[in-house]
Structure formats: C-alpha cells, structure tokens
Amino acid sequence: MEQQVDGFVLVTHEEAGLAQSKPGYIDEINNFLDSIADELWPVNKKIHDNPELGYEEYIAHETLTKFMASRSGWKVTPSAYGLATAWVAVFDSGKKGPVVSFNVEMDALDGIGHACGHNLIATASVAGGLATAKIMEEHGLSGKVVMFGTPAEEGGGGKIKLLKAGAYRDHNVDINLISHPGITKDTALMRTSAYTAFKVEYFGREAHAAASPWLGINALDALITAYNALSVLRQQTMPGDVIQGNITNGGLRPNVIHAYTAGNFVTRANTQGRVNELKKKVDACFAAGATATGATLEMTPVQSYADHVPNRVLGASYRKYFNALSPPQPIPGNDDLGEIEGRTMASTDQGDISYAMPSLSAGFAIIPGPGGNGPHNPEFAKAAGTRDAFERSLRVGKALAGTAMDVLTQDGLLAEVKKEWEREIKGN
C-alpha cells in the first residue's frame, strides 16, 4: 500500500517492481474480458447450477459449444473424437506460428455438485482463449488458439482419451493452459500426485460358518488380511505416499463363509516412478491375503493419472500477468517456494498432459464457506457458484491469456519453454 510521509509517497519494493514490469498486453486483455464478463457469467452459472457426472456433461457441452459458436472467428466441433461431451474450438490466424491451447473442464462430483469448481476452470479457460484470440486478431499476429472441452476429469481420464485419440497432435499444440480453484495460496507452479486406481476381488468358497467352516475359503478374511497389511505397510512408506481404499462387498451374511469380497483402492505418490514402486508393495499385501486364506485374487486396473509437472518459464509469464492484476495476495517470485506452495496430494489427468507437452496449471483461491472447507466438500460447491469466485476465475483467465500472448509474441520463449519441459520430464 502507498503511504505518504512528509509529503513523499512511499511504495513497497514489490509495488515498484510491478509498476516497472507491467506486461504489454495487460490493459487490452483486462478491458476485453471486463467487457464480456456479463456474457460469461450466465455460462458459468448454467454449468454450476446443473452439475453433471463425467461423460454425461450434456448441458455443459451444449452451453459451451453454443457460446463458442456465437463468437466471431471460432470453428467449433461438438462431440469430438468419439466422445459425446468432448468438443474442440479453434481460432486460426491463417499464419504459421505457435499453437496455444486451453483445457476446459466440465464434470461435477456425485452427490455434491461442483465441489471441485470445474465451472470456474471452464470460465477461466474460455476467458483466456477468447482474450488471446481477440488480441491476436487486433494485432494481426501469427499462430492458433485451440480450446479442448475435456470431460470426466474426476476419475474418468477424459484428457487421456483425447491424448490417445490424437486431439492435441492433430492441432500441433505447443503448450496447454488450465487452472484449478481451491482455498490455499494462488500459485503458478502446481504439482499434483501420480495415482493409480484399481479394483480388488477375492473368490473363496461358501460353507456353513458354524457347522462346517473348515470346508469354506473365506474371501472376507483375505480382504481383511490385505487391508491390515496395508495399514502395517504405511509405517514404511515415504512422505508423499498415500494408500486409500474402501470395501464395496464384504460378504452376504454372518452364518455363511464369505465366497466373494471386493474393494476399490488407490495409491498415490509424488511421481509416476514412485507410484509404480509403491504399487508393487501394495500388490504384495493383496497377494498375502490370498496366500493366507487360499482365496483367489483378481486385481483390475481402473484408472491412472500422471503427476503434473509444472513449467517455470510459463509460470514466470503467468505470475507477471497475475500480479499485475492486483490480486489480494501476489504470487511470490521464488520458484522453489512456489513449487512448495503449489504442491497438492490431489491428482488430475492434466498430469498426463504435462508429460505430453509443456503445461501450466495455475492454482487460485476462492473464498470458502463458513466452515472453511476446500474442494470435494458441499460447502465448496456453494462457494464456487458465487459472483466473487467467478470474478476470481476471470482474473485467472486474464493471466492465462497473458501467458499465451508471451508465447505467441516473444522470440525464443517457446523454445525456452520446451527446453525447460524436457529438463523437468527427464528429471522425473
């Protein structure tokens, strides 16, 4: 805050730095998105107020594709790449240049709505893409902007399906930009955990549990043995390792030796390499349950996400623009600190994007409800629907657009981004 002392106006070192390094396109981006905020607000509310599960985001799909089709210069493909709720929107300058892309998430959580704020992710990405295209058009810049409507982030791996289908390759995408709301500090360098989810089943043999239990093979004993082994294993796991699970079928009735049990389990770790090591130890616990009881074990992979690898070059551009937009708390310039503050044990399929191309996943804070709860809580779903949260997502969209503009206009920056990406990926 400026202070006046003895007729002099005093500014902090941080304020002086921001004033000297005001990004070149910030005013144009800011003015444009402010001018269409009232058009974006109903889109945001429509998605928020009609939560839909993964691969069932029909209202969100229709809302977003219709909105994008109404914008001049955009070519929209609904139900893209064989996915009913995926979509692609392209703004092409017609001149060869960098290709910047934005991922637009849409899905909600079962029973608690948009408790992960994907309506805000959609708003920030759409805003960022629109602003980037607008500035490109006004300045006659080369390059292309692509938006991908990515379904089913909540365990369905929509981005992975689009990757495998060639969506990003088909458009020769150079970088990908996205964001995620929460209640922690704003960050340009988000690191997430790698995870793998799987189903476990044990098959035993029924017998009367009182009259002749020795004739049975107890599948519940197998699962409980494995569950207890996991609890013991946790003592020897590393910081960042997480083992989670729930029993979905615990048998039929007490007086029958249980012939079938099942559960869903997840392992998480800081990197893909580490989660693979942890999974081997976890698998041994389930094998122990089978060995101890004679039950037959079947394990079925469900889904795996890579850890998200941030890009410090893209992060520097984002931080520059974000801090120039007068946020409540500017993002510190220390990258090492930024990665610590941006670390989360949550997982996302944006991680797989970050292994395929340079990715920026910016974290931003919204005001929580009275209980102070973050994502995956009903209270957070309500907070994600407020006008204040929408305005904060617009600020993020502006900074994402600024990041894209730097890549499109600064000579050598894209090469620097890719060099940093190669270094980070090799290090993982």
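Residues numbered from 1 in each chain as written. Predicted model: local features only at pLDDT ≥ 70, side-chain atom pairs only at ≥ 80, totals over all residues. Heavy atoms only, no water.

Student: Before we go on, may I ask you to explain the overall build of the protein in this structure?
Tutor: Scanning the protein for helices and strands turns up 15 helices and 12 strands. By its C-alpha atoms, the protein is 90 × 55 × 45 Å across when sized along the principal axes. Here the contacts in the protein between residues at least 6 apart in sequence split such that 79% fall between residues at least 24 apart. Only carbon and sulfur atoms are counted for the fraction: they give 52% of the accessible area of the protein, which is about 18700 Å². In the protein, 38 positive and 48 negative side-chain charges are present, and the distance between their average locations comes to 4 Å. (Helix = DSSP H or I, 4+ residues; strand = E, 2+ residues; numbered from the N terminus. Contact = heavy atoms within 4.5 Å. Areas by Shrake-Rupley, 256 points an atom, 1.4 Å probe, with all protein chains shown as cover. Lys, Arg positive; Asp, Glu negative; His and termini not counted. Charge placed at Lys NZ, Arg CZ, Asp CG, Glu CD.)

Student: Would you take a moment to explain the sheet that holds strand 12 (residues 359-365) for this structure?
Tutor: Pairing between the strands of a sheet comes from backbone hydrogen bonds, and it takes one of two forms, parallel or antiparallel. Reading across from one edge, 3-4-6-5-7-12 is the order of the 6 strands in this open sheet, with mixed pairing throughout. The sheet is open, and its two borders are formed by strand 3 (75-77) and strand 12, each paired with just one other strand. Pairs of neighbouring strands in the sheet enclose a mean axial angle of 20 degrees, with direction left out of account. Where strand 3 meets strand 4 (residues 87-92), 3 bridges bridge the pair, whose relative direction is antiparallel. For valine 76, the partnering residue across the bridge sits in strand 4 and is alanine 89. (Pairing = 2+ DSSP bridges. Axes fitted to C-alpha atoms, helices over the stretch in contact; angles between N-to-C directions.)

Student: Honestly, the confidence of the model for the protein in this entry has me stumped. Any pointers?
Tutor: Summing up the model confidence of the protein, the mean pLDDT is 95 and the portion of residues at 70 or higher is 95%. The low-confidence segment residues 11-20 (pLDDT under 50) makes 7 contacts with residues lying over four places distant or belonging to another chain. (pLDDT = per-residue confidence, 0-100.)

Student: Sorry, what's going on with the environment of histidine 171 here?
Tutor: Relative to the helices and strands, histidine 171 is located in the loop between helix 7 (167-170) and strand 7 (175-182). Using a relative accessible area of 15% as the deciding quantity, one classes histidine 171 as buried. Between the alpha carbons of histidine 171 and valine 100 there is a distance of 9.7 Å; along the sequence they are 71 residues apart. Residues contacting histidine 171, with those up to four places away along its chain left out, are Tyr81, Val88, Val90, Val99, Lys144, Val146 and Phe148. (Buried < 20%, exposed > 50% of the residue type's maximum accessible area, 1.4 Å probe, protein only.)

Student: I tried to follow the sheet that holds strand 10 (residues 260-269) on my own but got confused; where do I start?
Tutor: Pairing within the open sheet is antiparallel, and its 4 strands lie in the order 9-10-8-11. In this open sheet, the two edge strands, each paired with only one partner strand, are strand 9 (242-249) and strand 11 (296-305). Going across the sheet, the axis of each strand differs from the next one's by a mean of 20 degrees, ignoring polarity. Bridge analysis of strand 8 (residues 194-203) against strand 10 gives 10 bridges, and the strand direction is antiparallel. Considered in strand 10, the bridge of alanine 194 is made with alanine 269. Contacts from helix 9 (residues 272-293) reach strand 8, strand 9, strand 10 and strand 11, with the element oriented near 10 degrees to strand 8.

Student: How should I be thinking about unusual backbone geometry in this particular structure?
Tutor: With phi around 50 degrees, asparagine 172 is a residue other than glycine that occupies positive phi space. Relative to the assigned elements, asparagine 172 resides in the loop between helix 7 and strand 7. Relative accessible area serves as the criterion here: at 56%, asparagine 172 is assigned to the exposed category. If you check the backbone angles, histidine 376 has positive phi at about 70 degrees while not being a glycine.

Student: Would you take a moment to explain the packing of aromatic side chains for this structure?
Tutor: By convention here, two paired aromatic rings are described through the distance between centres and the angle between planes. With the rule as written, the count across this model stands at 10 aromatic pairs. Measuring from ring centre to ring centre gives 5.1 Å for tryptophan 41 and phenylalanine 390, while their planes differ by 65 degrees; the resulting arrangement is edge-to-face. Taken together, the residues span a long stretch of sequence, with tryptophan 41 in helix 3 (residues 37-49) and phenylalanine 390 in helix 14 (residues 387-409) at a distance of 349 residues. The buried category is assigned to phenylalanine 390, whose relative accessible area is 0%. (Phe/Tyr/Trp six-rings, centres within 6.5 Å; stacked < 30°, edge-to-face > 60°.)

Student: Help me understand a nonpolar patch on the surface, please; the structure alone is not making it clear to me.
Tutor: Taken together, Ile224, Tyr227 and Ile247 make up a surface patch of nonpolar side chains, about 220 Å² in accessible area. Tracing the backbone shows isoleucine 247 in strand 9. (Patch = residues over 30% accessible without salt bridge, like charges linked within 9 Å, V, L, I, M, F, W, Y side chains within 5 Å. Salt bridge = Lys/Arg side-chain N within 4 Å of Asp/Glu carboxyl O.)

Student: Mind showing me how you'd approach helix 14 here?
Tutor: Residues lying three or four places apart along an α-helix face the same way, a consequence of the helix completing one turn every 3.6 residues. If you check helix 14, its first and last C-alpha atoms are 33 Å apart, about what 23 residues at 1.5 Å a residue would give, namely 33 Å. Of all the 23 residues making up helix 14, 19 are buried; the element is thus mostly covered by neighbouring parts of the structure. (Expected span 1.5 Å × (residues − 1).)

Student: Can you walk me through the pattern of salt bridges in this structure?
Tutor: Pairing between side chains of opposite charge can happen when their charged atoms approach one another. For the coordinates displayed, the defined rule picks out 25 salt bridges. Residue aspartate 174 pairs with lysine 418 through a salt bridge whose shortest N-O separation is 2.8 Å. Of this pair, aspartate 174 sits in the loop between helix 7 and strand 7 while lysine 418 sits in helix 15 (residues 413-427), placing them 244 residues apart in sequence. Arginine 191 is paired through a salt bridge with glutamate 339; the nearest N and O atoms lie 2.6 Å apart. In this pair, arginine 191 is assigned in the loop between strand 7 and strand 8 and glutamate 339 in helix 11 (residues 335-341), connecting sequence segments 148 residues apart. Note on accessibility: arginine 191 and glutamate 339 belong to one class, buried.

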